[in-house]
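Residue strings, one per chain:
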Amino acid sequence: MAGPERSWTSEIVAELLLDAEARRTPTEGIASRWPEFDLDAAYRAQDLAVRLRVARGERIVGVKLGLTSVAKQRQMHVDTPSIAWLTDTMELAPGTAVPTDRLIHPRAEPEIVFVLGSELCGPGVTAARAMQSVASVVGGIEIIDSRFTGFSFTLPDVVADNNSSSRYITGSLQLPPDGLDLALEGCLLEVDGQVVDSATGAAILGNPAHALAFAANELAKRGQALEAGWVVLTGGLTEAVPLHPGSRVAAHFTHLGSIVIKAE
Amino acid sequence: MSAGLVEHDNTHNAAVHRATAQRLSRAYERREATDPVIDGHPHLGVDDAYAIQKQQVAGWIESGDEIVGYKVGLTSRAMQIQTGVDQPDYGHLMRSMFELGHFPIPSTRFIQPRIEPEIAFILARPLSGPGVTMADAVRAIDCLLPAIEIIDSRIRDWQLTIVDTIADNASSGGVVLGGHPVSPRSIDPRLAGCVLHLNGEVVATGAGGAVLGSPLNSLVWLANALGSLGVTLEAGHVILSGAMTRAQSVRPGDTVSAHLAGLGSVGAVFATDTQEAA
């Protein structure tokens, strides 16, 4: 941007990113324009943005984890996952096509999803304690859509951008967690009928239960808890695949059934 | 082309096949990788490559080894794109290639080993293509076992074209089979998850469908590919269906284990340098 640099705040970042989403116009990284932009400022911007969403009528329905694979953490030079908010407008009803005309450059990734039966409040939550609050496990596909040009961002950038959250869809099969080995729960990712990738739940911090415990403990630092009825998207099992109009993406799980989405 | 020219070509090709097979055999003996097969022979095709593979197998049989099965390779989309092919390939599994879990495997047996977690099919009855269907293949299976395949290349730095790897017995090295047989009736190998640990850390995950859409497709493809050459898969043969995750390099002292949903686990230990000296 030409001219004298305005003085940056987390409020400005939140508004800028919501505006980029609304106008389907990606923006350049914040960190390159605001040198002092750190992770704390990024989470402040993320929280401010979700408050603005709530103020315009959206409802918080859960959280999602990002950077849950060792490969992605290395790529971003971090050793912990990140967390972001999900609202009701992000949920796609079964059979609904992904509206690519309203998104910037959407990508899809398969995930293991928890539905909470009771509140889960950190700190000190273990994987075992976390699983006690899980009512059911479902398969899901998350649509991510960075508000940054070319999906190019730093860690504070992507955190402020609500971890690139855009849409998500969950499968219709809800299983109780008892008796499921989520580390070995397999997932095949197909694009237009061809297998392009595969993984198991072990790709998520060794077991998605650890991602859930992390979410509870991380939110506790911000004075918040995971609420009963919330969904928790535990992180992409595979690399995200680009979604083009007309493409069909399917995730087939060992026990959690299949989820198919179409982009239009 | 006159008959004389064809004959000259055949004689020339046979000589190239023989020389290449000998060069690869020397690489095994010296445990030292050699130049790509196609260096100096850019005209060699897939048929030449299988002829070179067959010559080495004939040599191994002559020195007392035995064919006990086959491996199917280049079964993942990633590997096919990397190699520029849209077909898998196969290699021969010889009796001497089989190792046991728990017992340290001498790393000196290999040049530049990598490991891959796989599903192995053990056949109850012969399977003879062409024309083998999924139904025929499923009925011929006695059981499934989890497997770790040790792949290795006699070609320097794994600089492979499709011709190089086929000529080099589809980069076969060794096999470790798990010991808990599972009936094909009790598992869907396509959706079976797989977690690969290297020295206690998760290094890769995958599912059966990463193998040609299903590991069973590998078996059908192999039976038909061999069938068109007049070769039958025999009862008792071990068929390695293809890698469920990306291959991982291993070094002396490494411990690997693969956990396959519904199939249990299989491990391999690579001897340390001191263990080998002892």
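Nothing here was measured: the structure is a model prediction, and the numbers come from that model.

Notes on the overall build of chain B
Assigned secondary structure in chain B consists of 7 helices and 12 strands. At 19 Å, chain B has a C-alpha radius of gyration in line with the 19 Å of a compact globule built from 278 residues. Overall, the C-alpha framework of chain B stretches about 60 × 50 × 35 Å when taken along its three principal axes. Burial analysis of chain B (278 residues in total) assigns 46% to the buried set. Pairs at least 24 apart in sequence give 76% of the contacts found in chain B among residues at least 6 apart.

Points about the overall build of chain A
When you go through chain A residue by residue, the secondary structure sums to 6 helices and 11 strands. For 264 residues, the compact-globule estimate of 2.2 N^0.38 gives 18 Å, and chain A sits close to it at 18 Å. Along the first, second and third principal axes, the C-alpha set of chain A runs to 60 × 45 × 35 Å. Relative to its full complement of 264 residues, chain A shows a buried share of 48%. A separation of at least 24 residues holds for 76% of the contacts in chain A among residues at least 6 apart in sequence.

As for the interface of chain B and chain A
Each partner contributes residues to the interface: chain B has 15 residues there, and chain A has 17 residues. Going through the elements one at a time, strand E7 (193-198) and strand E8 (201-207) of chain B are the ones with two or more residues in the side of chain B that touches chain A. Ranked by the residues each element gives to the side of chain B that touches chain A, the list is headed by E8 of chain B, at 4 residues. Partitioning the side of chain B that touches chain A into residue classes produces 8 nonpolar, 6 polar and 1 charged.

So, the nonpolar core
In terms of nonpolar packing, the biggest core is built from 146 residues, with Ala-215 and Val-232 of chain A together with Ala-120 and Ala-147 of chain B touching the most fellow members. Setting aside its immediate chain neighbours within four residues, Val-232 of chain A contacts Gly-62, Val-63, Val-113, Phe-114, Leu-116, Leu-212, Ala-215 and Leu-226 of chain A.

Thoughts on the sheet that holds strand E6 (residues 186-191) of chain A
All names here are of chain A. Taken together, the 4 strands give an open sheet; going across it, the order is E7-E6-E10-E11, and neighbouring strands pair in antiparallel fashion. Two strands close off the open sheet at either side, each with one partner strand: strand E7 (194-200) and strand E11 (258-262). On average, adjacent strands in this sheet sit at an angle of 15 degrees to one another, irrespective of strand direction. Where E6 lies against strand E10 (residues 248-253), 5 bridges are found, and the strand directions are antiparallel. Its bridge partner lying in E10, Cys-187 is registered against Phe-253.

Remarks on helix H1 (residues 10-22) of chain A
All names here are of chain A. In this model H1 runs 18 Å from its N-terminal to its C-terminal C-alpha over 13 residues, within 8% of the 18 Å that 1.5 Å per residue would give. All of the buried residues along H1 are Ser-10, Val-13, Ala-14, Leu-17 and Glu-21. End-on, the buried residues of H1 take up no more than an arc of 100 degrees, which puts them together on one face. Exposed and facing more than 90 degrees away from the buried side of H1 are Asp-19 and Ala-22. Against the buried residues of H1 lie helix H2 (39-55) and helix H5 (155-160).

Looking at the packing of H1 of chain A against H2 of chain A
All names here are of chain A. Between H1 and H2, whose axes approach to 8 Å, the crossing angle comes to 55 degrees. With respect to H2, the axis of H1 lies oblique. Both H1 and H2 take part in a crossing whose hand is right-handed. Counted together, Ser-10, Glu-11, Val-13, Ala-14, Leu-17 and Leu-18 of H1 and Ala-41, Arg-44, Ala-45, Leu-48, Ala-49 and Leu-52 of H2 form the full contact between these two elements. In terms of residue class, the contact of H1 with H2 is made up of 9 nonpolar, 1 polar and 2 charged.

Examining the sheet that holds strand E12 (residues 264-269) of chain B
Residue and element names in this part refer to chain B. Read across the open sheet, the 4 strands follow the order E8-E7-E11-E12; overall the sheet is antiparallel. What marks the edges here is a single partner per strand, and that holds for E8 and E12. Taking each pair of neighbouring strands and ignoring which way they run, the sheet shows an average axis angle of 15 degrees. Here strand E11 (residues 255-260) runs beside E12; their pairing, made up of 6 bridges, is antiparallel. If you follow His-259 over to E12, its bridge partner there is Ser-265.

Section: the confidence of the model for chain B
Of the residues in chain B, 96% have a pLDDT of 70 or more, and the chain-wide mean is 94. This complex was scored by the predictor with a pTM of 0.90 and an ipTM of 0.86.

A short note on the pairing of strand E5 (residues 141-151) of chain B
All names here are of chain B. The buried count for E5 comes to 9 of 11 residues, which makes it a mostly enclosed element. In terms of strand pairing, strand E4 (residues 114-123) meets E5 through 10 bridges, oriented antiparallel. Across the sheet, the residue bridging to Glu-118 is Ala-147, located in E5.

Rules used throughout
Residues numbered from 1 in each chain as written. Chains lettered and ligands numbered in written order. Predicted model: local features only at pLDDT ≥ 70, side-chain atom pairs only at ≥ 80, totals over all residues. Helix = DSSP H or I, 4+ residues; strand = E, 2+ residues; numbered from the N terminus. Rg over C-alpha atoms; globule rule 2.2 N^0.38 Å. Buried ≥ 20, exposed ≤ 12 C-beta atoms within 10 Å, placed from the backbone. Contact = placed C-beta atoms within 7 Å. Nonpolar A, V, L, I, M, F, W, Y, C, P; charged D, E, K, R; others polar. Core = buried A, V, L, I, M, F, W, Y, C linked by C-beta atoms within 7 Å. Pairing = 2+ DSSP bridges. Axes fitted to C-alpha atoms, helices over the stretch in contact; angles between N-to-C directions. Expected span 1.5 Å × (residues − 1). Arc of directions from axis to C-beta. Parallel < 35°, antiparallel > 145°, perpendicular 65-115°, else oblique. Left-handed = near helix turned anticlockwise from the far one by under 90°. pLDDT = per-residue confidence, 0-100.

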